[in-house]
Amino acid sequence: MDKRTAIKGLASKLVALAKKRDYGEAVRLFKEVSEKLHALTPNRVAAEIGHLSGEPALRALVKSFALAPCYWCKEGYMTCELCQGADTIAANGRYCEVCGGYGHTLCMFCGGSGFLSFESVPKNILGTLAHERLKWSANSLQRVAKRSSRLRHGIIDERLSTELFDTFHTTLRITAVLDNIDPVIAPEDIPPKKRAKQSRDVVLAHQCRRVNQKYQGGFANAIVAFCQAQANRHSSESHRRTIWERRRDFYASQFLENGADQAPEE
Ligand SMILES: [Zn+2]
Ligand SMILES: [Zn+2]
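Residues numbered from 1 in each chain as written. Chains lettered and ligands numbered in written order. Predicted model: local features only at pLDDT ≥ 70, side-chain atom pairs only at ≥ 80, totals over all residues.

Colleague: Quick question: what am I supposed to make of the overall build of the protein here?
Modeller: A count of helices and strands for the protein gives nine helices and two strands. Looking at the protein as a whole, 37% of its 266 residues are labelled buried. For the protein, contacts bridging at least 24 residues in sequence account for 69% of all contacts bridging at least 6. (Helix = DSSP H or I, 4+ residues; strand = E, 2+ residues; numbered from the N terminus. Buried ≥ 20, exposed ≤ 12 C-beta atoms within 10 Å, placed from the backbone. Contact = placed C-beta atoms within 7 Å.)

Listed below in structure tokens is the structure:
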């Protein structure tokens, strides 16, 4: 098969896979075909996809690399190595120092973004890919906002607390995505003044970060208050009380500016 035919075949498969949102498979296929075309670098293959099959194929390629999941984790989180994810307080009344009782820790490969790291992405699509991830961040923030208003209006009981912790961890994921794309959309070798003018992405990223931080702080506060309330349900010397207090301190020290001092008084 000649290169043209191989690339055109790849392009139409990419479009179909992206339509099905099977981004991981699209990336795998791109790599497989690129490796067979040894004479061409992945950059070249990416460019040829655009030349030979046009805008929709290129968009499918970019979207696939942007949204393909990290190989090592699920949505930015790995099962906690120490407690193997089993050490949730509600489940068995134990507490894990490493994950604070969440059962999962941020993935060390993608930094918690849950997406493919930039090292495996063809360099010439990095800019548009960063834009795609920025769009993902903005959309995720809208979902966070919706959940936030629901969480604000209910008393946080056991059932809602799962949603509270999960939504909080979504904001950590958004932070990781924004941190990852920052060097791409606002490279440090461009002076800050020019950088601000350079693209709407920079402005949007800045807005996303600000809004995300606001929600993150709000959720962290709510978690600290929830842990305190759970602690208060148990007598002062009890084991259950101690573990809820330790969980409270875990979140306060990691995610509130003034650390554990800010934990609400009883
Ligand atoms: Zn753990
Ligand atoms: Zn990961």
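Colleague: What is the right way to read the confidence of the model for the protein from this model?
Modeller: Detailed reading of the predicted coordinates is not advisable wherever pLDDT is low. Residue-level pLDDT values for the protein average 87, and 90% of them are 70 or greater. Low confidence marks residues 262–266, where pLDDT is under 50. Its contacts with residues over four positions away, or in another chain, come to 12 contacts. (pLDDT = per-residue confidence, 0-100.)

Colleague: Just to check I follow, could you spell out the packing of helix H5 (residues 126–153) against helix H8 (residues 200–232) for this structure?
Modeller: Between two packed helices, both the angle of their axes relative to each other and the distance between the axes serve to describe the pair. The interhelical angle for the contact between H5 and H8, taken along N-to-C directions, is 30 degrees, at an axis separation of 10 Å. By the angle between their axes, H5 is roughly parallel relative to H8. The element H5 and its partner H8 pack so that their crossing is left-handed. Across the interface between the two elements, Ala130, His131, Leu134, Ser137, Ala138, Leu141, Val144, Ser148 and Leu151 from H5 touch Asp201, Leu204, Ala205, Cys208, Val211, Asn212, Tyr215, Gly218 and Ala222 from H8. (Axes fitted to C-alpha atoms, helices over the stretch in contact; angles between N-to-C directions. Parallel < 35°, antiparallel > 145°, perpendicular 65-115°, else oblique. Left-handed = near helix turned anticlockwise from the far one by under 90°.)

Colleague: Before we go on, may I ask you to explain the nonpolar core in this structure?
Modeller: Nonpolar side chains in soluble globular proteins generally cluster together in the buried interior. Within the largest apolar cluster, 47 residues are counted, with the highest numbers of intra-cluster contacts made by Leu14, Ile49, Ala57, Leu61 and Phe65. Sorting the residues of this core by element identifies helix H1 (3–19), helix H2 (23–36), helix H3 (42–67), H5, helix H6 (158–185) and H8 as the ones contributing at least two each. Per-element tally for this core: the top contributor is H3, with 11 residues. Built from parts of two domains, this core gets at least three residues from each of domain 1 (3–67) and domain 2 (77–262). Judged by nonpolar contacts, the second largest core, of 21 residues, contains Cys96, Phe168, Ile223 and Val224. (Core = buried A, V, L, I, M, F, W, Y, C linked by C-beta atoms within 7 Å. Domains from an automatic or database assignment.)

Colleague: I tried to follow the packing of H2 against H3 on my own but got confused; where do I start?
Modeller: H3 packs onto H2 with a crossing angle of 145 degrees between their chain directions and a minimal axis gap of 8 Å. Both H2 and H3 take part in a crossing whose hand is left-handed. Residues Tyr23, Ala26, Val27, Phe30 and Ser34 of H2 form the contact with H3, whose own contacting residues are Pro42, Val45, Leu61, Lys63, Ser64, Phe65 and Leu67. Here the residues of the contact of H2 with H3 are counted per class, giving nine nonpolar, two polar and one charged. (Nonpolar A, V, L, I, M, F, W, Y, C, P; charged D, E, K, R; others polar.)

Colleague: I tried to follow H2 on my own but got confused; where do I start?
Modeller: Note on helix geometry: an α-helix contains 3.6 residues per turn, so any two residues three or four positions apart are oriented the same way. Spanning 14 residues, H2 covers 20 Å between terminal C-alpha atoms, matching the ideal 20 Å at 1.5 Å per step. Buried residues belonging to H2 abut H1 and H3. (Expected span 1.5 Å × (residues − 1).)

Colleague: Is there a simple way to think about the environment of Leu52 in this case?
Modeller: Its place among the elements puts Leu52 in helix H3. The class of Leu52 is partly exposed, set by 15 C-beta atoms lying within 10 Å.

Colleague: What exactly am I supposed to notice about the environment of Cys227 here?
Modeller: In this fold, Cys227 is placed in helix H8. By the C-beta count within 10 Å, which is 26 here, Cys227 ends up buried. Leaving out residues up to four positions away in the same chain, Cys227 has contacts with Trp244, Arg247, Arg248 and Tyr251.

Colleague: I tried to follow unusual backbone geometry on my own but got confused; where do I start?
Modeller: Backbone phi values are negative for most residues with the exception of glycine, while trans is the configuration of most peptide bonds. At Arg21, a residue that is not glycine, the phi angle is positive and equals roughly 60 degrees. Relative to the elements of secondary structure, Arg21 occurs in the loop between H1 and H2. When the 12 C-beta atoms within 10 Å are taken as the criterion, Arg21 is described as exposed. Of note, Glu75 is a non-glycine position whose phi angle comes to about 50 degrees, a positive value. Mapped onto the secondary structure, Glu75 falls in the loop between H3 and strand E1 (77–79). Judged by local crowding, Glu75 falls into the partly exposed class, with 17 C-beta atoms found within 10 Å.

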